[in-house]
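Geometric and topological summary
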Amino acid sequence: ISVAYFIVYIEKSKFAKFKRPIFILIFAIFIFTGVLPSLNEAKTAVKQSYDLNTIEALEWILNNTPENSTILAAPEEGHLVTAVAKRRNVIDTNYILAPNPQARLSDVKIIYETWIRSRALNLLGKYKVNYILLSEMSISKYSTKDIKYANDQYCFIKVFSNERTKVYKVNC
């Protein structure tokens, strides 16, 4: 309705001869302030979406692990572990309810990055971790290609693997 009044106003004013350029300018402003930012946000959302390989691994966890299992994952994937696999996680991005979140963040970082098996086992035991999710996100976040101490076939068994995601069972 207000657009119709605006058109009538333009036609009655001195700007009637500039009607077409005014509408082109308004349309261009709409495109630059509305459409382009929306496309940029959509592109960002797609980049931040979860990898299908990770979803497949979490579905495997849901179907093949005990319900009381605890899964170690990157904090950004903690909610995904809870939602898809329906299992406890060590940490997620909702730090408010987590006891001592800074220590948890530090411990998760150590578990993913350390070479020392005994140090990792100590921290895994502290949080009662049964499975480690090594996804594209955790590989990128912790600059690792694999769990460095997982070459111990007794304590760490690779129970799931696909193109970009692995799941290790902690036996020790």
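Structure: see above.
Description of the structure in this document. (Residues numbered from 1 in each chain as written. Predicted model: local features only at pLDDT ≥ 70, side-chain atom pairs only at ≥ 80, totals over all residues. Heavy atoms only, no water.)

1. Some words on the overall build of the protein chain
- When helices and strands are tallied, the protein chain shows seven helices and five strands.
- When its helices and strands are written in sequence order, the protein chain yields α-α-α-β-α-β-α-α-β-α-β-β.
- For 172 residues, the compact-globule estimate of 2.2 N^0.38 gives 16 Å, and the C-alpha radius of gyration of the protein chain, at 26 Å, exceeds that figure by more than 25%.
- Its C-alpha atoms put the protein chain at 85 × 35 × 30 Å along the principal axes.
- When burial is assessed residue by residue, the protein chain has 34% of its 172 residues classed as buried.
- Within the protein chain, contacts between residues separated by at least 24 positions form 54% of all contacts whose residues are at least 6 apart in sequence.
- A total of about 11000 Å² of accessible surface is found on the protein chain, and carbon and sulfur atoms cover 60% of it. (Helix = DSSP H or I, 4+ residues; strand = E, 2+ residues; numbered from the N terminus. Rg over C-alpha atoms; globule rule 2.2 N^0.38 Å. Buried < 20%, exposed > 50% of the residue type's maximum accessible area, 1.4 Å probe, protein only. Contact = heavy atoms within 4.5 Å. Areas by Shrake-Rupley, 256 points an atom, 1.4 Å probe, with all protein chains shown as cover.)

2. Some thoughts on the environment of Tyr112
- Residue position: Tyr112 is located in helix 5 (residues 101-113).
- Judged by relative accessible area, which is 0%, Tyr112 ranks as buried.
- Spatially, the C-alpha atom of Tyr112 lies 59 Å from that of Ser2, the residues being 110 residues apart in sequence.
- A distance of 2.6 Å separates a polar side-chain atom of Tyr112 from the backbone oxygen of Leu133. (Polar contact = N/O pair within 3.5 Å; in protein donor to acceptor, adjacent residues only side chain to side chain.)

3. A closer look at the pairing of strand 4 (residues 156-161)
- Two elements, strand 4 and strand 5 (residues 166-170), share five bridges in a ladder whose sense is antiparallel. Considered in strand 5, the bridge of Phe156 is made with Val170.
- Linking two consecutive strands that pair antiparallel, namely strand 4 and strand 5, is a turn of four residues. (Pairing = 2+ DSSP bridges.)

4. Here's the deal with the sheet that holds strand 4
- Here five strands make up an open sheet; going across it, the order is 2-1-3-5-4 and the pairing mixed. Two strands bound the open sheet, and with one partner strand each, they are strand 2 (88-89) and strand 4.
- Packed on one face of the sheet, helix 3 (residues 52-64) meets strand 1 (70-72), strand 3 (131-134), strand 4 and strand 5 and runs near 115 degrees to strand 4.
- Each of strand 1, strand 3, strand 4 and strand 5 is contacted by helix 6 (residues 117-126), which is oriented at about 70 degrees to strand 4, the strand it contacts most. (Axes fitted to C-alpha atoms, helices over the stretch in contact; angles between N-to-C directions.)

5. Details of the pairing of strand 5
- Relative to strand 5, strand 3 runs antiparallel, the two being bridged by four bridges. Bridge pairing in strand 5 links Leu133 to Val167.

6. Section: the nonpolar core
- In this structure, Leu72, Leu124, Ile132 and Phe156 are the most contacted members of the largest nonpolar core, which totals 24 residues.
- Of all the secondary-structure elements, those providing two or more residues to this core are helix 5, helix 6, strand 3 and strand 5.
- Ile55, Ile61, Leu80 and Val167 belong to the second largest nonpolar core, which has 13 residues in total. (Core = buried A, V, L, I, M, F, W, Y, C linked by side-chain atoms within 4.5 Å.)

7. Considering the packing of helix 3 against helix 4 (residues 78-85)
- The interhelical angle for the contact between helix 3 and helix 4, taken along N-to-C directions, is 50 degrees, at an axis separation of 9 Å. By the angle class used here, helix 3 and helix 4 are oblique. With respect to the hand of their crossing, helix 3 and helix 4 are arranged in right-handed fashion. Of helix 4, the residues touching helix 3 (which contributes Thr54, Ile55, Leu58, Glu59, Ile61 and Leu62) are Leu80, Val81, Val84 and Ala85.
- The class makeup of the residues in the contact of helix 3 with helix 4 is eight nonpolar, one polar and one charged. (Parallel < 35°, antiparallel > 145°, perpendicular 65-115°, else oblique. Left-handed = near helix turned anticlockwise from the far one by under 90°. Nonpolar A, V, L, I, M, F, W, Y, C, P; charged D, E, K, R; others polar.)

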